[in-house]
Every structure is written in structure tokens, then in C-alpha cells.
Amino acid sequence: MRNGKKSLFGILLMIVLMAVTWAVLFRDKSMGLLWAGFKQINPWFLLPGLLLMFGYVGCEAMCSRLILGRLGHRVPYRRCLGYSFVGFYVSSITPSATGGQPAQIYYMNRDGIPPACGVLNMMLIAMCYQVASLVWGISAWAFMPSARSLNSGMKVLLLCGAFIMLLLTGGMAAMVFFKELSGRILKGGLRLLGKLHLLRKKEAAEEKLERQLAEYARGAACLKQNPLLALRVLGLCLLQQGCLFLVPWVVYLAFGLGGHSFIEIAGVQALLTLAVCNLPLPGAVGAAEGGFVAAFGAIFGAELVTPAMLVARGISFYSFLLISFAAAVIVHFHGRSYDLAVPSVSAVSGKSSVAGL
């Protein structure tokens, strides 16, 4: 019931944000000019955009298949694809970029994958995804001067987004590789909150923290025993984000435009995504649309940037929100249809069992 209320709240919030965003963006826009812009579109270029988004979800599914396979659970790719669609949908309707992870863990557990393995899977993907985001963002800023042509407001958002991403990545890495030190710091923080009467259930919070630290320790063991696994997942995350960042380039071609390379356009989108991805908004609605208009104005031109934003967001978010919803419904009503391999002593690097990670 509680999760249902959260989902309903997220959907209502997203609808309100969409209404406000469209009212602001279209306040001074002529419908005739917008329609004239839409008439320039070559619809055949929109199909590659959707295929890129399927590639985006498919890369995460392959990450799950690799990690779960290493943990001793041979899960069919189609099932991992279902988990990824569930994650995309739930993350899109909740004010958190990681809101879909608990839902994925739930369906993994329903299919017989222990929650510990599900948590470890999502944790490794999250770490690699964050590192990939920073690699894309830093590369775009360092090697693409035209991608740095953002207004001051977008630069502030970019700075905040990069700082939050660095903080999350550093904090997660510290908890993975320096469990005792990070544990002492976090427990000290809990004690301080207790003394300030800001934490009512101190014991429950400490137990939850211990469980989380144990999961991070398992993640560290898995990474140390399987260094190539981490590199493969990181490579897939880089490819995954590349699929997302190339959607505006496909839209650029659909409008019959030229003069800007796909690397330049992908770089702008990489910086834009880094700037808005950590905002507490469902699907970054509002910030993503306004940011697109601000960041891509010089590339698409003043008359076409708003139609381009609608098409690009229609491909990368709104249409895929509907597709992922349909996939999530199928996953929900379609139970386990395969046998999971039982983790053995040689499931991880041939050295230890999953429980010993």
C-alpha cells in the first residue's frame, strides 16, 4: 500500500511538472511555427532513436546477466531485460534516479534470486554507471569546447550534478573498500543524530547500516575476485549512456540539419544529463526540457529547438515510459519460467560461495 501511494504521488507530481513545464516553454511560442518545425521531420530517423533506447535498457540487462551469472544464477537475457524495464519505469515516476532498484530486487527475489544477490547486482551496476557518467561528462568538458557553451544557470547545475555524482561515487567506493573506516564514520553520525533527538529508532538504523555495510563488503570481494567483470560492466555502462546521448543527434538528422558532429551533440547531452540526473524530480521532468532548450539552442536554432526537445524527450523518456510500463505489467503477471542454478563453491572465481563474498 505504501509503495502504491508513493508511485501515485510520483505520477501526480510528474503530471504537474509536465503541465508547468509546457506552460512555461510554450507561453510565447506560436503553434504555427511549432507545426512548421514538425513538418520538417523525416519520420524514418525516429526509428533509430527508439532502437538506441532499446539499446540503453538492453545494456543494463546485459550487466545484470553478467553479474548474476558470476554469482551463480544463470538468468535468461529476456528476464534481465524485464528487470531493466521495471527499473526504467519505476525510476521515471519516483523523485529518485535509483528508485527503480528496489523494484528490480523485488522481482529478482520473486524469481528465486536471493535479495543479497539482487542488492549486490544493483550496487555494482550503480557504481559503474556513476563512474561512466563522470567519464562522459569530464571528457565532454575537456575535449569538446562547443559543449561548454552553456549558460550560467546550466553551469551551476552541472557543477552541482558533478559534485553530487563524485560524492556518491566516492562514498560508495569508501563503503566498498574501506568498510571499517566508513562504518565508524557512519555510526558516529547515527549517534550524533540520536543525541540531537533527530533519530528515533537508533537501534533499527544501526542494524540496517550493518546490513548495508555487509553488502558493500560482498561487493568488494566480488570486484577483487573478478576484476574483468567490473571492466565489462563499466564498458557496458559507457555504451549504455552513449545510446542515450546519441538520441539528440538522430533528432538533429531527422530535422535535416547539418554542421555539427554526433560527438559534439553527444557531448552536450552528456553534460546536460550530468547536470539534471540527480535532481529530486521524477524523470527530471521540467529540468530536462528546460535544460535541452538552453543547451541545444545554438545547435538547433531558436525556431527548431523546442520542437527538437519535444521529439528528443518523446523518444528518450515519454514514449519509453509507456513501453517500460507495458513491459513492467508483463513482468508483474508473468511468473518464473526457468530454473535458477544453485550457487556452488565455484560460483565466484572458483574460490568461494556467494555467502562468502
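Residues numbered from 1 in each chain as written. Predicted model: local features only at pLDDT ≥ 70, side-chain atom pairs only at ≥ 80, totals over all residues. Heavy atoms only, no water.

1. A few points about the overall build of the chain
Here is step 1: Looking only at helices and strands, the chain features 15 helices and zero strands.
Here is step 2: Among the 357 residues that make up the chain, the fraction classed as buried is 45%.
Here is step 3: On the chain, roughly 17800 Å² of surface is accessible, and the fraction owed to carbon and sulfur atoms is 69%. (Helix = DSSP H or I, 4+ residues; strand = E, 2+ residues; numbered from the N terminus. Buried < 20%, exposed > 50% of the residue type's maximum accessible area, 1.4 Å probe, protein only. Areas by Shrake-Rupley, 256 points an atom, 1.4 Å probe, with all protein chains shown as cover.)

2. Considerations on the environment of Leu231
Here is step 1: Here Leu231 lies in helix α10 (residues 227–245).
Here is step 2: Measuring from C-alpha to C-alpha, the distance between Leu231 and Cys128 comes to 8.6 Å, with 103 residues separating the pair along the chain.

3. Some points on the side chain of Gln130
Here is step 1: The residue Gln130 is located in helix α6 (residues 115–143) in this model.
Here is step 2: Apart from the residues lying within four places of it in its own chain, the contact partners of Gln130 are Met165, Leu168, Thr169 and Met172. (Contact = heavy atoms within 4.5 Å.)

4. Structural notes on helix α3 (residues 46–70)
Here is step 1: In this model, α3 (25 residues) spans 37 Å end to end at C-alpha, consistent with the 36 Å of a helix rising 1.5 Å per residue.
Here is step 2: Following α3 by one or two positions, Gly72 has its phi on the positive side, about 100°. (Expected span 1.5 Å × (residues − 1).)

5. Things to note about the confidence of the model for the chain
For residues with low pLDDT, the predicted coordinates do not support detailed interpretation.
Here is step 1: Overall, the predicted model of the chain reaches an average pLDDT of 80, with 82% of residues at or above 70.
Here is step 2: Contacts for the low-pLDDT stretch residues 337–357, under 50 throughout, to residues beyond four places or in other chains number 53 contacts. (pLDDT = per-residue confidence, 0-100.)

6. Things to note about the packing of aromatic side chains
Each aromatic ring pair is summarised here by two numbers: the centre-to-centre distance and the angle between the ring planes.
Here is step 1: Following the criterion strictly, the structure yields 15 aromatic pairs and no others.
Here is step 2: Measuring from ring centre to ring centre gives 5.4 Å for Tyr89 and Phe325, while their planes differ by 55°; the resulting arrangement is tilted. Of the two residues, Tyr89 is situated in helix α4 (residues 77–92) and Phe325 in helix α15 (residues 305–333); the sequence distance between them amounts to 236 residues.
Here is step 3: In this structure Tyr89 comes out as buried when scored by relative accessible area, which is 15%.
Here is step 4: With centroids separated by 5.9 Å and ring planes inclined at 35°, the aromatic side chains of Phe292 and Phe300 adopt a geometry described as tilted.
Here is step 5: Overall, Phe300 belongs to the buried group, its relative accessible area being 5%.
Here is step 6: Through a chain of ring-to-ring contacts, three or more aromatic side chains come together here, namely Phe54, Tyr56, Phe85, Phe88 and Phe320.
Here is step 7: Above the face of the Phe317 ring, Arg313 is positioned so that its terminal group lies 4.5 Å from the ring centre. (Phe/Tyr/Trp six-rings, centres within 6.5 Å; stacked < 30°, edge-to-face > 60°. Lys NZ or Arg CZ within 6 Å of the ring centre and 35° of its normal.)

7. What about the packing of helix α5 (residues 101–110) against α6?
Here is step 1: At their nearest, the axes of α5 and α6 sit 9 Å apart, and the two run at 145° to each other. With respect to the hand of their crossing, α5 and α6 are arranged in right-handed fashion. Touching Gln101, Gln104, Ile105, Met108 and Asn109 of α5 are Pro115, Gly118, Val119, Asn121, Met122 and Ala126, all from α6.
Here is step 2: The class makeup of the residues in the contact of α5 with α6 is six nonpolar, five polar and no charged. (Axes fitted to C-alpha atoms, helices over the stretch in contact; angles between N-to-C directions. Left-handed = near helix turned anticlockwise from the far one by under 90°. Nonpolar A, V, L, I, M, F, W, Y, C, P; charged D, E, K, R; others polar.)

8. Digging into the nonpolar core
Here is step 1: Core analysis: the biggest nonpolar cluster contains 49 residues, and Met53, Val251, Phe255, Phe292, Phe296 and Phe300 have the highest contact counts within it.
Here is step 2: Judged by nonpolar contacts, the second largest core, of 48 residues, contains Tyr107, Ile113, Leu236 and Val331. (Core = buried A, V, L, I, M, F, W, Y, C linked by side-chain atoms within 4.5 Å.)

9. Concerning the pattern of salt bridges
Here is step 1: Summed over all chains, the structure comprises two salt bridges.
Here is step 2: Close ionic contact of Asp111 with Arg79 constitutes a salt bridge, the shortest N to O distance being 3.7 Å. Placement of Asp111 in the loop between α5 and α6 and of Arg79 in helix α4 is noted, with a sequence separation of 32 residues between them. Exposure class is identical for Asp111 and Arg79. Each is buried. (Salt bridge = Lys/Arg side-chain N within 4 Å of Asp/Glu carboxyl O.)

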